[in-house]
Amino acid sequence: FIVAPLSDRVKELAAEYGYKKPFSREILIEVGRKAKLLNGEGVLLKASLNKYKILNGNNKNELFLFEGMRTAQEVKELMKFSNQNMKVIIVALSSGASTLAEDTKIRFIRAFKRGNSKDPKDNSPAAFKFFLESDNDEGKSIDEGMDLADYKIINKDNNFQETEKQ
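Criteria and cut-off values
- Residues numbered from 1 in each chain as written.
- Predicted model: local features only at pLDDT ≥ 70, side-chain atom pairs only at ≥ 80, totals over all residues.
- Heavy atoms only, no water.
- Helix = DSSP H or I, 4+ residues; strand = E, 2+ residues; numbered from the N terminus.
- Contact = heavy atoms within 4.5 Å.
- Areas by Shrake-Rupley, 256 points an atom, 1.4 Å probe, with all protein chains shown as cover.
- Polar contact = N/O pair within 3.5 Å; in protein donor to acceptor, adjacent residues only side chain to side chain.
- Salt bridge = Lys/Arg side-chain N within 4 Å of Asp/Glu carboxyl O.
- Buried < 20%, exposed > 50% of the residue type's maximum accessible area, 1.4 Å probe, protein only.
- pLDDT = per-residue confidence, 0-100.
- Phe/Tyr/Trp six-rings, centres within 6.5 Å; stacked < 30°, edge-to-face > 60°.
- Lys NZ or Arg CZ within 6 Å of the ring centre and 35° of its normal.
- Axes fitted to C-alpha atoms, helices over the stretch in contact; angles between N-to-C directions.
- Parallel < 35°, antiparallel > 145°, perpendicular 65-115°, else oblique.
- Expected span 1.5 Å × (residues − 1).
- Core = buried A, V, L, I, M, F, W, Y, C linked by side-chain atoms within 4.5 Å.
- Left-handed = near helix turned anticlockwise from the far one by under 90°.
- Nonpolar A, V, L, I, M, F, W, Y, C, P; charged D, E, K, R; others polar.

**Points about the overall build of the protein chain**
Logical step 1: A tally of helices and strands in the protein chain yields eight helices and four strands.
Logical step 2: In the protein chain, of all internal contacts separated by at least 6 residues, the share reaching a separation of at least 24 is 57%.
Logical step 3: Carbon and sulfur atoms make up 52% of the accessible area of the protein chain, which amounts to about 11,800 Å² in all.

The following block contains the structure:
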């Protein structure tokens with residue numbers, strides 16, 4: 001199969017925008033967000049579809065792995081160009097949590113450590129409460145994207161050999 005990382009499209013856009021290699025994570029995030037804001041959530045997928053000439057009907061019998069799709073909009077965009085033979089398989093990493101409450105705590109701690117502008121600034125109970133009540137669009141969209149898939153494979157404990165078997 002052909003691996004088509006959406007992050008490669010972000011790197012191509014960063015170069016087009018005049019950023020110099022090596023691109024920092026922050027620059028790649030900024031470029032990806034800007035591209036999606038200007039051209040819609042499916043822009044990176046569309047760029048991959050164009051790159052691999054899927055939009056014009058070539059490569060229609062190939063197997064593709066679109067790595068890095070994170071939103072329901074991207075899955076919907078892919079489905080627009082699919083045929084009845086296409087199956088969407090989502091492979092996701094598990095947080096390792098055994099309950100929803102535990103998973104939420106893990107996501108909160110990751111967000112706090114990540115330190116993006118929208119992330120919690122401290123790990124106080126008040127910040128956690130705000131995190132729970134805030135509109136977590138990205139998390140909701142990822143879940144919605146998974147709901148659209150024909151098959152879901154959850155990689156627990158980073159066991160890539162077991163995931164590959166699935």
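**Some thoughts on the side chain of R9**
Logical step 1: Residue position: R9 is located in helix α1 (residues 6-16).
Logical step 2: Here the side chain of R9 touches E12 through a polar contact of 3.0 Å, side chain to side chain.
Logical step 3: For R9, the residues in contact, after removing those within four places along its chain, are L44, A47, S48, K51 and Y52.

**Considerations on the pattern of salt bridges**
Logical step 1: Evaluation of the coordinates by the stated rule reveals five salt bridges.
Logical step 2: When the shortest N-O distance is used, the salt bridge between K36 and E41 registers 3.9 Å.
Logical step 3: Note that E77 and K46 form a salt bridge whose closest N and O atoms lie 3.9 Å from each other. Remark: K46 occurs in helix α3 (residues 43-51) and E77 occurs in helix α4 (residues 72-80); sequence separation between them is 31 residues.
Logical step 4: Judged by relative accessible area, which is 8%, E77 ranks as buried.

**Focus on the confidence of the model for the protein chain**
Logical step 1: Residues with a pLDDT of 70 or more make up 71% of the protein chain, whose mean pLDDT is 75.
Logical step 2: When pLDDT is averaged over each helix and strand of the protein chain, the minimum, 57, is found for helix α8 (residues 160-165) and the maximum, 93, for α1.

**A look at the packing of aromatic side chains**
Logical step 1: Taken as a whole and assessed by the stated rule, the structure comprises zero aromatic pairs.
Logical step 2: Here the guanidinium or amino end of K34 rests over the ring plane of Y17, the centre of that ring lying 4.7 Å away.

**Examining the packing of α1 against α3**
Logical step 1: Look at α1 against α3: their axes get within 9 Å of each other, and the N-to-C directions meet at 95°. By the angle class used here, α1 and α3 are roughly perpendicular. Here L6, R9, V10, E12 and L13 of α1 come into contact with α3, specifically with L44, L45, A47, S48 and K51.

**Structural notes on helix α2 (residues 25-39)**
Logical step 1: An ideal rise of 1.5 Å per residue puts 21 Å on 15 residues; α2 measures up with 21 Å between its terminal C-alpha atoms.
Logical step 2: If you follow the buried residues of α2, they end up packed against α1 and α3.

**Observations regarding the nonpolar core**
Soluble globular proteins tend to bury their nonpolar side chains together.
Logical step 1: Judged by nonpolar contacts, the single largest core of 21 residues is most densely connected at L44, L45, F66, L78, V88 and I90.
Logical step 2: For this core, the elements supplying multiple residues, two or more each, are α1, α2, α3, α4 and β3 (89-93).

**Re the packing of α3 against α4**
Logical step 1: Where α3 contacts α4, the two axes come as close as 9 Å, and the packing angle between them is 30°. As α3 runs across α4, the sense of the crossing is right-handed. Only E74, E77 and L78 of α4 make contact with α3, whose side of the interface consists of L45, K46 and L49.
Logical step 2: Residues that form the contact of α3 with α4 fall into these classes: three nonpolar, no polar and three charged.

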